[in-house]
Amino acid sequence: MSSDPARVRFAPSPTGHLHLGGARTALYNFLYARQTGGKLLLRIEDTDRKRYRAAAAEGLMDSLRWLGIAWDEGPDVGGAFAPYIQSERAARHREHAQQLLNAGKAYHCFCDRNRLQELRRGRQSYDRLCRELAPTAARQRVQSGQAHVIRFRSPKEGSTTVRDLLRGEITVRNAQLDDFVLLKSDGFPVYHLAAMADDHAMGITHVIRGEEWLPSLPKHALIMRAFGWPEPTWCHLSVLKKPGGKGKMSKRDARQLDKAEGHSIFIHKLHERGYLPEAVVNWMALMGWSLDDRREDFTLAELQCAFGLEQLNASPAAVDFSKLDHFQGKRVRQLSATDVAAGIKPYFLREGLKPDEATLLKIVPLIQERIVTFEDAPQWAGFFFQPHVSPEPAHLVAKKLTPAESLAALQQARQTLVTLPTFERDPVEKALRALADELGLKLGQLLTPVRVAVSGQRVSPPLFETLEILGRESALQRMENATKLLKDL
RNA sequence: GCCCCCAUCGUCUAGGGGACCAGGACGUGGGCCUUUCAAGCCCAAGACCGGAGUUCGAAUCUCCGUGGGGGCACCA
């Protein structure tokens, strides 16, 4: 089962943030590299100068680092096959194009954009007008400075067969292929050329990438074969569909998700929202891969051992955020109190609250199993750090009690707490339970007005602990205020 | 329009000719616990896209449909 050390690469184009699909591709590449004791390369594919965004590459790397996906060679760490910025390799790509030109496997094309656009309007691919131009004549036109591209001379007859690891043999009739561009008129290579040339130069053994590349796989194989290079193992991952399972995730869907659900397909957003990288990784790993029919919980380290290309699934997977929340909740519950405290603190600060360490640490056990993301913490425990709370008066009324009865209960509770020798959890509980009995109330009925009074909300962390942490003074003050609200009801 | 890929519960999936009246997980419903909400535990409902064929036997192999997805740039 264990194979030779693989050299794999993640090769994003720096046009935006890292999203789920890309991250999952990166993850699988990383896992396979580790699994085989090989190397993961990071290569920035920036040959499209129109879409290039300077900040994007850094953002991409930040997201990968956060997830724990470490690369062995790349633009920042260097490596034996530098440079890892594709645009810096353009001179080599031009040489490669020239090589194919010399071999008669490529040709100059002088057709302008208008003509190509016309062709496309007629639902027709490039008509190969320049294919049979005499090479000497073509060279002359190039020398005279005429704008041109270099196209691949695709075979017109026969068929091309390529083997994909997950799908077996894929065969296309060569008549379906067109004479695609290798080198643009700005002298930069197109993906097909650049990626293949770099993959070969960098000794890539397995190309693990998204399914969207499958249709151009024959082109890539043909390029490799034209140069006489050995082909890597091809492995095309299925696409991710949007939640619900219908359709690919679009930019619009992504935006909607961000707003409405508090979820996101962007890794940096998940980070901002207080998700744990290990939860995200565990979740992503399972979209298109599974070990067996029993185990679903994996740390990154465990995945490195368990992962295998053989267990990859070729069918598309729908993104399911409730499953992410499940992994996230589980992971949060496993964290130490100090880790949770450190994790949630920024979110209190963001709300303008100033939590002190000691109190924060006391609160953690109360909310740890109630929060999903760190971002959830303030809505559970923000009231601890607010000077006062403003409950909705109607919420102070307990189930099956009238406002007047609730008021009475609240006042009695307050009275009880005033006289308590200490304000610790256990005595508080004991006293309130006794009071409920005495008043002939269910504990919940007595506690509801108290809870809402001190926390300002209907659901809160466990009340007795809450009272202790809040302290007598603050708790009594809040109950006093709530009394007034109930009287006005 | 043309090309390519995919097809098991709502979702992620196990399964690869007999071990499957199809297993797990998320979610959903119900119950227990209980001071609200969670967490935890227990139970339940829930799927092999359709049709032919191969075979003693098909979720599993083949073909044809259908459905879904991806791609058809001087973008990656």
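Everything quoted here is computed from the prediction, not taken from an experiment. Each residue is numbered by its place in its chain's sequence as written, counting from 1. Going through the entries in the order they are written, you letter the chains from A and number the ligands from 1. In keeping with the predicted nature of the model, local features appear solely for residues at pLDDT of at least 70, side-chain atom pairs appear and are counted solely at 80 or more, and the whole-chain, interface and lining totals rest on all residues. Excluding hydrogens and water, the side-chain values take into account all heavy atoms of the structure.

The subject of this paragraph is the domain arrangement of chain A. Per the domain assignment, the segments making up chain A are domain 1 (87-237), domain 2 (251-336), domain 3 (337-386) and domain 4 (388-489). Residue-level contacts link 13 residues of domain 2 with 13 residues of domain 3. By buried area we mean the combined loss of accessible area, with a 1.4 Å probe, across both parts when two parts are placed together. Among the residues of domain 2 in contact with domain 3, R273, V332 and S336 are the three that bury the most area, contributing 46% of the side total. Think of a salt bridge as a Lys or Arg side-chain nitrogen and an Asp or Glu carboxyl oxygen that are within 4 Å of each other. Along the contact surface separating domain 2 from domain 3 lie zero salt bridges. Here a polar contact is recorded for every N or O atom pair within 3.5 Å, except that within protein the pair must consist of a potential hydrogen donor and a potential acceptor, and residues adjacent in sequence are included only if both atoms are side-chain atoms. On the surface where domain 2 and domain 3 come into contact, there are eleven residue pairs in polar contact (both at pLDDT 80 or more). Counting only elements with at least two residues in the side of domain 2 that touches domain 3, the list comes to α9 (267-272) and α12 (321-334). Domain start and stop points were drawn from an automatic or database domain assignment. In what follows, a contact means two residues having at least one pair of non-hydrogen atoms within 4.5 Å. Numbering goes from the N terminus for both helices and strands, where a helix is a DSSP run of H or I of at least four residues and a strand is a run of E of at least two.

Stacked, edge-to-face and tilted are the three classes for Phe, Tyr and Trp ring pairs, Trp counted by its six-membered ring, which pair at centre distances within 6.5 Å; planes under 30 degrees apart are stacked, over 60 edge-to-face, the rest tilted. Within the structure shown, the criterion is met by nine aromatic pairs. Ring centres of Y191 and W213 lie 3.9 Å apart, and the angle between their planes is 15 degrees; this geometry places the pair in the stacked category. Here Y191, found in helix α6 (residues 191-201), pairs with W213, found in the loop between β8 (206-210) and α7 (217-227); they are 22 residues apart in sequence, far enough to count as distant. Think of it in three bands: with a 1.4 Å probe and only protein chains considered, a residue is buried below 20% of the maximum accessible area for its type, exposed above 50%, and partly exposed in between. Using a relative accessible area of 17% as the deciding quantity, one classes Y191 as buried. Looking at W213, the relative accessible area reads 24%, which means it is partly exposed. Note on F383 and F384: the rings are 4.4 Å apart at their centroids and 25 degrees apart in plane angle, and the pair reads as stacked. The class for F383 is buried, based on a relative accessible area of 2%. One aromatic cluster in this structure is built from Y28, W289, F298 and F307. By definition here, charges over rings are those cases where NZ of Lys or CZ of Arg is within 6 Å of the ring centre and within 35 degrees of the ring normal. Between R141 and the ring centre of F110, over which it is positioned, the NZ or CZ distance is 4.2 Å. The cationic tip of R151 hangs over the ring face of Y126; the distance from NZ or CZ to the ring centre is 3.7 Å.

This part takes up the sheet that holds strand β4 (residues 149-152). When DSSP finds two or more bridges between a pair of strands, those strands are recorded as paired. An order of β3-β4-β7 is seen for the three strands of this open sheet, with the pairing classed as antiparallel. Each edge of the open sheet carries a strand with a single partner, namely β3 (106-109) and β7 (181-183). Mean inter-strand twist for the sheet, computed between neighbouring axes without regard to direction, equals 45 degrees. Pairing analysis gives four bridges linking β3 to β4, with the strands arranged antiparallel. Residue pairing in the sheet places H108 in a bridge with I150 of β4. Fitting a line to C-alpha atoms yields each axis, with helices limited to the stretch in contact; the angle taken between N-to-C directions then spans 0 to 180 degrees.

Moving on to the layout of surface pockets. Each pocket or cavity is described by its volume, and for the second largest pocket that value is around 330 Å³. Around the second largest pocket sit 20 residues that line it, and Q98, L101, H108, P135 and R139 are the ones nearest its centre. At the level of elements, α3 (90-102), β3 and α5 (135-143) are the ones that each hand at least two residues to the lining of the second largest pocket. For the lining of the second largest pocket, the element with the most residues is α5, which contributes five residues. Taken together, the residues of the lining of the second largest pocket break down into ten nonpolar, six polar and four charged. Both cavities and pockets are sets of points on a 1 Å grid over the protein atoms alone; in a cavity a 1.4 Å probe fits but cannot get out, in a pocket the set is open with protein on both sides within 12 Å along at least five of seven lines, and lining residues sit with an atom within 4 Å of a point. Grid points are joined across faces, edges and corners, and a volume is the space filled by probe spheres set on the points. Amino acids outside the nonpolar list (Ala, Val, Leu, Ile, Met, Phe, Trp, Tyr, Cys, Pro) and the charged list (Asp, Glu, Lys, Arg) are all regarded as polar, and Gly is one of them.

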